[in-house]
Amino acid sequence: MARIELDNITKAWGDVVAVEPTDLTIDDGEFVAILGPSGCGKSTTLFMLAGIYAPTGGEMKFDGHVVNEVEAKDRNVGIVFQSYALYPHMTVRENILFPLKFKDIPAGRAPEMVEETARLVQVEEFLERRPSQLSGGQQQRVALARALVKSPQLLLLDEPLSNLDATLRLSMRTEIRALQRRTGVTTILVTHDQIEATTMADRIICMSRGRVEQIGAPEDLYRRPNSLFVASFIGAPPINTLSGNATGNAVSLGDSVLALLGEARGVVTVGLRPEHLQFADQGLPGRIDGIEPMGREILYLVKTPLGDLRVLEAGSVPRRSAEQEVRLHFAPEDTLVFDGASEDRLPDVHAALAEETKKRA
Amino acid sequence: MANFALFLGPALVLLALFFVFPVIVDIAIAFTDMGQTLQVKEFTTKNFERMLGGDRRLSMALGLTFIYVLGTLAIFNVTFGLVLALTTTAIPDRVGSFFRAVWLLPRMSPSVVYALLWAWVVDPTERGLLNQFINGAFGFEVYDMMNDHPMMLIILANGFIGASMGMIIFTSAIRSIPEHLFFAARADGAGGLHIVWHVILPAIRWPLSFITVYQTLSLLVSFEYIWLITNGGPFFDTTVYALYVYQRAFEHGQYAYGAALALVLVVIGIAAALLMWRFMDMKRLLQQPRIEVQ
Ligand SMILES: Nc1ncnc2c1ncn2[C@@H]1O[C@H](COP(=O)(O)OP(=O)(O)OP(=O)(O)O)[C@@H](O)[C@H]1O
Ligand SMILES: [Mg+2]
């Protein structure tokens with residue numbers, strides 16, 4: 001098991017900078033997720049940790065030892081690729097055995113280790129099959145077994161669940177997390193699925209365009225996002241964002257005004273999460289413009305003087321109808337306010353309904 | 001039935017015209033006494049008796065052919081072709097493409113030019129390229145490859161051209177291996193040679209077998225460069241079977257005997273192909289089609 005430190009690590013191909021200088025520390029035994037949209041440098045970061053790509057600059061340390069020059073084969077890192085990358089001509093047994101060929105294993109121990117690991121990920125019935133004779137989920141578990149069999153000091157998972165159906169994805173999430181707890185291996189999961197990240201990881205590293213936007217517990221990223229990007233990326237359905245001009249303790253949005261707790265000037269963006277907006281007897285007036293049932297919740301699109309807002313309400317049957325006039329309420333501490341230019345969050349500023357809006361029946 | 005004729009018709013006609021028909025003619029002539037005058041006086045089996053009876057040059061040609069085909073194949077067309085493909089795909093792409101282009105040059109130049117080049121390379125005087133090093137630079141005695149090691153010369157000359165075909169086929173096969181497999185192997189702890197053995201070779205089994213069978217057959221019947229460079233000499237030291245057939249039929253005018261010899265070459269070719277087919281389990285390599293054809 002290893003503690004991972006990245007010190008100013010960067011990777012570029014010619015002019016294309018895939019990963020900008022990044023500092024990062026991952027504790028021994030921790031499970032972190034790298035979350036970000038397609039092309040933001042997640043795989044590149046993972047491949048540098050695995051030793052597959054050499055960083056363009058900076059230092060990478062495992063347990064305090066610089067590993068920049070250590071080859072992939074000598075790093076003892078297990079990796080599961082998005083494509084699984086199982087060896088097609090080998091059986092499942094041979095695939096899982098493969099990493100052990102290059103390690104000093106006491107004679108006769110290797111076959112046992114293969115079977116133990118296969119049991120761990122529940123592929124022991126398929127040991128004699130070839131990868132092409134397995135389903136996607138089974139292949140994924142074989143890839144996991146191949147990564148785990150050598151007891152790596154670091155486990156890297158590159159979007160391992162993206163090819164699975166929703167049910168299997170759910171059960172694999174739980175399985176992988178349980179497996180990681182049992183083995184205690186430091187694990188980095190790459191994903192662009194925020195639910196995957198928030199449900200599985202101790203900490204989330206949110207990346208955008210080659211840069212780390214924020215590192216923190218899922219709760220931190222949700223409640224206290226550093227930037228508009230993180231706020232928009234975390235949370236589903238996505239946060240409502242409204243831009244307007246702030247004048248000290250008020251901000252004009254659309255045809256209306258919100259009060260500001262704390263002070264801001266110039267262009268700001270106010271973020272209101274759909275799940276933090278409630279229908280009420282008093283408050284912001286609006287008219288329902290669209291209804292999207294989402295299973296256990298209903299998403300309403302509401303036209304208000306501030307702009308169009310998504311509102312989430314529990315229940316599987318819509319209790320409101322289109323064109324209905326409604327009132328919306330939200331708690332000021334749930335609102336997020338961002339500087340319009342830098343898109344950084346203004347930590348001490350919140351938005352609230354103006355007094356006259358509140359009073360209108 | 002109409003579709004059948006439409007789709008297979010052209011191929012069958014070509015096959016009949018350029019393969020079946022010549023073989024039939026060859027068989028027919030093989031059982032005559034056709035000579036320089038092209039006249040047939042009798043139908044006879046004496047050509048085959050002569051082959052079995054004691055054509056000493058024939059058994060020698062067979063032996064030389066075996067050495068020539070096996071040597072060229074094992075050293076160059078397969079092994080060296082594979083080495084070229086492995087090395088030029090392992091280095092940066094531009095450099096790799098450049099080296100492959102260099103190896104393709106002889107294939108693109110006319111055979112006579114290529115043969116002349118070899119004649120100059122092994123010229124047994126101090127003017128020859130090889131001797132400029134051996135004799136000129138290091139002061140050893142002048143080396144006459146054409147006389148001292150003629151078999152080596154024709155293997156080298158054919159191999160330098162032949163290797164490029166394997167190189168091209170193997171290169172594209174290696175290129176088509178998913179990149180992640182190499183990444184996975186490296187992360188699993190495999191070094192360069194392990195990757196070649198456990199990832200690359202299994203993935204290119206089919207092109208390897210194909211090149212082996214195909215090149216065996218083409219080496220068996222081709223003699224162009226041998227004819228141009230050594231003309232079968234010195235004495236008969238590089239007269240391989242195909243060249244021997246040519247000499248008998250067209251240089252000595254023994255058309256009937258040449259036809260009989262050629263017939264045996266066809267049989268040897270088919271036998272070799274079938275044997276290798278079995279040996280390399282080609283049926284399994286040629287995967288079953290995934291769609292059904294009525
Ligand atoms: N070999 C390469 N040469 C040049 N540019 C590359 C190379 N590999 C990746 N890139 C670029 O680097 C950036 C980051 O790529 P990376 O594969 O890390 O993205 P990612 O976050 O894993 O995306 P995805 O979620 O789609 O897998 C992309 O803009 C990509 O175009
Ligand atoms: Mg990726």
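For every chain, the first residue of the written sequence is number 1, and numbering continues from 1 onward in sequence order. Written order decides the labels, with chains lettered from A and ligands numbered from 1. Since the coordinates come from a predicted model, pLDDT governs what is reported: local features require at least 70, and pairs of side-chain atoms require 80 or more to be given and counted, while whole-chain, interface and lining totals use all residues. Hydrogens and waters are ignored; side-chain quantities use all the structure's heavy atoms.

S.K.: Can you explain the sheet that holds strand β1 (residues 4-13) of chain A? Please cite residues and give values.
M.R.: Residues and elements named next belong to chain A. Taken in spatial order, the 4 strands make up an open sheet running β2-β1-β4-β5, and their pairing is antiparallel. Unpaired on one side and paired on the other, β2 (16-26) and β5 (65-66) mark the two borders of the sheet. Two strands pair when backbone bridges link them, and strand β4 (residues 57-62) and β5 are joined in this way by 2 bridges, in the antiparallel orientation. Considered in β5, the bridge of phenylalanine 62 is made with histidine 65. Packed onto the sheet, helix α1 (residues 42-50) meets β1, β2 and β4 and runs at close to 120° relative to β1. When DSSP finds two or more bridges between a pair of strands, those strands are recorded as paired. Numbering of helices and strands runs from the N terminus; a helix is a DSSP stretch of H or I covering at least four residues, while a strand is a stretch of E covering at least two. The contact criterion used throughout is that any non-hydrogen atoms of two residues lie within 4.5 Å. Between N-to-C directions, angles cover 0 to 180 degrees, with each direction set by a line fitted to C-alpha atoms, over the stretch in contact for helices.

S.K.: Now, about the site of ligand 1: what can you tell me, with residues and values included?
M.R.: All names here are of chain A. Neighbouring residues of ligand 1: Trp13, Ala18, Ser38, Gly39, Cys40, Gly41, Lys42, Ser43, Thr44, Glu159 and His192. The separation between an oxygen atom of ligand 1 and a polar main-chain atom of glycine 41 is 3.0 Å. Each polar contact in these results corresponds to two N or O atoms within 3.5 Å; when the atoms are within protein, one needs to be able to donate a hydrogen and the other to accept it, and residues that are neighboring in sequence are counted only if both atoms are side-chain atoms. One nitrogen or oxygen atom from the side chain of threonine 44 is found 2.5 Å from an oxygen atom belonging to ligand 1. A 1.4 Å probe and the Shrake-Rupley method give the accessible areas. Residues count as covered only by the protein chains that appear here. In isolation ligand 1 has 640 Å² of accessible area, and contact with the protein removes 62% of it. If even one non-hydrogen atom of a residue comes within 4 Å of a molecule or strand, that residue is called near it.

S.K.: Tell me about the pairing of strand β10 (residues 211-216) of chain A, residues and numbers included.
M.R.: Residue and element names in this part refer to chain A. Note: strand β9 (residues 203-208) against β10, 5 bridges, orientation antiparallel. Each bridged residue has a counterpart across the sheet, and for isoleucine 205 the counterpart in β10 is isoleucine 215. Linking β9 to β10, which pair antiparallel, is a turn of 2 residues; within it arginine 209 sits at a positive phi near 45°.

S.K.: An account of the interface of chain A and chain B is needed here, citing residue identities and associated values.
M.R.: Each partner contributes residues to the interface: chain A has 22 residues there, and chain B has 15 residues. Buried surface at the junction of chain A and chain B, both sides included, amounts to about 1,700 Å², of which 66% is carbon and sulfur. Any carboxyl oxygen of Asp or Glu that lies within 4 Å of a side-chain nitrogen of Lys or Arg is treated as forming a salt bridge with it. Where chain A meets chain B, there are 1 salt bridge. Between arginine 146 of chain A and aspartate 188 of chain B there is a salt bridge, with the nearest N and O atoms lying 3.6 Å from each other. For the pair chain A and chain B, the number of links is 8 residue pairs in polar contact (both at pLDDT 80 or more). Put simply, Ala, Val, Leu, Ile, Met, Phe, Trp, Tyr, Cys and Pro go in the nonpolar bin, Asp, Glu, Lys and Arg in the charged bin, and everything else, Gly too, in the polar bin. Here the side of chain A that touches chain B is composed, by residue class, of 15 nonpolar, 3 polar and 4 charged. Joining two parts hides part of their accessible area as seen by a 1.4 Å probe, and the buried area is that hidden amount summed over both.

S.K.: Lay out the packing of helix α2 (residues 46-54) of chain B against helix α14 (residues 255-279) of chain B with the relevant residues and their values.
M.R.: A pair of packed helices can be characterised by two numbers: the angle between their axes and the separation between those axes. Residue and element names in this part refer to chain B. Relative to each other, α2 and α14 sit at 65°, their axes nearing to 9 Å. In this structure, α2 meets α14 at a crossing whose hand is right-handed. Side by side, α2 and α14 meet where Asn47, Phe48, Arg50 and Met51 of the first sit next to Ala256, Tyr257, Ala260, Leu261, Leu263 and Val264 of the second. Should the near helix be turned anticlockwise from the far one by less than a right angle, the crossing is left-handed, and should it be turned clockwise, the crossing is right-handed.

S.K.: Go over helix α3 (residues 109-120) of chain A with me, naming the residues and quoting the values.
M.R.: An α-helical turn contains 3.6 residues, so any two residues separated by three or four positions project in the same direction. Residues and elements named next belong to chain A. Under the convention used throughout, the expected extent of a helix is 1.5 Å for every residue step, that is, one less than its residue count. The end-to-end C-alpha separation of α3 is 17 Å, in line with the 16 Å expected for 12 residues at 1.5 Å each. Only protein chains enter the accessibility calculation, which uses a 1.4 Å probe; a residue is then buried when its area is under 20% of its type maximum, exposed when over 50%, and partly exposed in between. Turning to α3, its buried residues number three or more, namely Ala110, Met113, Val114, Thr117 and Ala118. The buried residues of α3 all sit within an arc of 135° when viewed along its axis, so they share a single face. Buried residues belonging to α3 abut α2 (92-97) and α4 (136-148). The first or second residue beyond α3 is glutamine 122, which carries a positive phi of 60°. Here, the arc refers to the directions that run from the helix axis to the C-beta atoms.

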